[in-house]
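Overview (structure and organization)
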Amino acid sequence: MNIDQIINSIYILPENSKTELKKYITEVSHPKNFCLMEADKIISYVYFIKKGIVRAYASRDDNDITFWFGSEGETIVSMKSYVEDKPGYENIELLEDCELYKLETDNLRKLFNEDIHIANWGRKFAERELVKTEELIISRQFKTSLERYKDLLKDKPNLLRRVQLGHIASYLGITQVSLSRIRAEIK
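Below, the structure is looked at part by part. Quick caveat, the model's predicted, so the values are computed rather than measured.

With respect to helix α2 (residues 15–22)
For α2, the complete set of buried residues consists of Ser17, Lys18 and Leu21. An end-on view of α2 places all buried positions within 100° of arc, on one side of the element. Set apart from the buried face of α2 by more than 90 degrees, the exposed residues are Glu15 and Asn16. Buried positions along α2 lie against α1 (3–10), β1 (25–30), β8 (98–104), α4 (105–114) and α5 (116–142).

Pasting the structure below:
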């Protein structure tokens, strides 16, 4: 997915504002298993996925708990760092070789002060991230693992072909054995 498509999916900017924003965006590539963000560190960048899949996870008692997957067109951001300049909670691991667009948060804040259209784009960006977080919380609190798996099939069907089942089981909050049962039940 190219950067124009990603920017427009958040909020349509006038061409001159989009051109100004894109001046601060660079392309980077990292290999599979690269740790893009580490918990307990301030992350001063926002990333957009051009190509590849990533996962967000937290470590607890020598166990990684996956709570989010991102793929082409999605944003990678530590909201705690983005909003408060404080260390984030999440680790972000690349599950495939990835091509990303990178934007330094300080540059984005500078643009917010200079261009109302970019400021509105930033507001829509933050609102979208808030809705994603809200959906994640509601899913975890009120849906069964079977319902969450069905949502995953519906919303991100290609994920199952590209992500290890262990990560998917962790995301669903179940063991791989339970995931195998759910998959057999659905077939």
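Side note on the packing of aromatic side chains
For the coordinates displayed, the defined rule picks out five aromatic pairs. On the basis of an interplanar angle of 45° and a centroid distance of 6.2 Å, the ring pair of tyrosine 45 and tyrosine 47 is categorised as tilted. A network of ring pairs unites the aromatic residues Phe48, Tyr82, Trp121 and Phe125 as a single cluster. Sitting above the plane of the tyrosine 57 ring, arginine 55 keeps its charged end 4.0 Å from the centroid. In this arrangement the basic side chain of arginine 140 is found over the ring face of tyrosine 171, its NZ or CZ atom lying 5.8 Å from the centre.

Concerning the sheet that holds strand β6 (residues 75–76)
Strand order in the open sheet formed by four strands is β1-β8-β3-β6, and the pairing between neighbours is antiparallel. Either end of the sheet is taken by a strand with one partner, and the two such strands are β1 and β6. Relative to β8, β1 runs antiparallel, the two sharing six bridges. Across the sheet, residue serine 29 finds its bridge partner in β8, namely glutamate 99. Running over the sheet, α1 touches β1, β3 (45–51), β6 and β8 and is turned about 120° from β3. Packed onto the sheet, α4 meets β3 and β8 and runs at close to 50° relative to β8.

How each quantity is defined
Residues numbered from 1 in each chain as written. Predicted model: local features only at pLDDT ≥ 70, side-chain atom pairs only at ≥ 80, totals over all residues. Heavy atoms only, no water. Buried < 20%, exposed > 50% of the residue type's maximum accessible area, 1.4 Å probe, protein only. Helix = DSSP H or I, 4+ residues; strand = E, 2+ residues; numbered from the N terminus. Arc of directions from axis to C-beta. Contact = heavy atoms within 4.5 Å. Phe/Tyr/Trp six-rings, centres within 6.5 Å; stacked < 30°, edge-to-face > 60°. Lys NZ or Arg CZ within 6 Å of the ring centre and 35° of its normal. Pairing = 2+ DSSP bridges. Axes fitted to C-alpha atoms, helices over the stretch in contact; angles between N-to-C directions.

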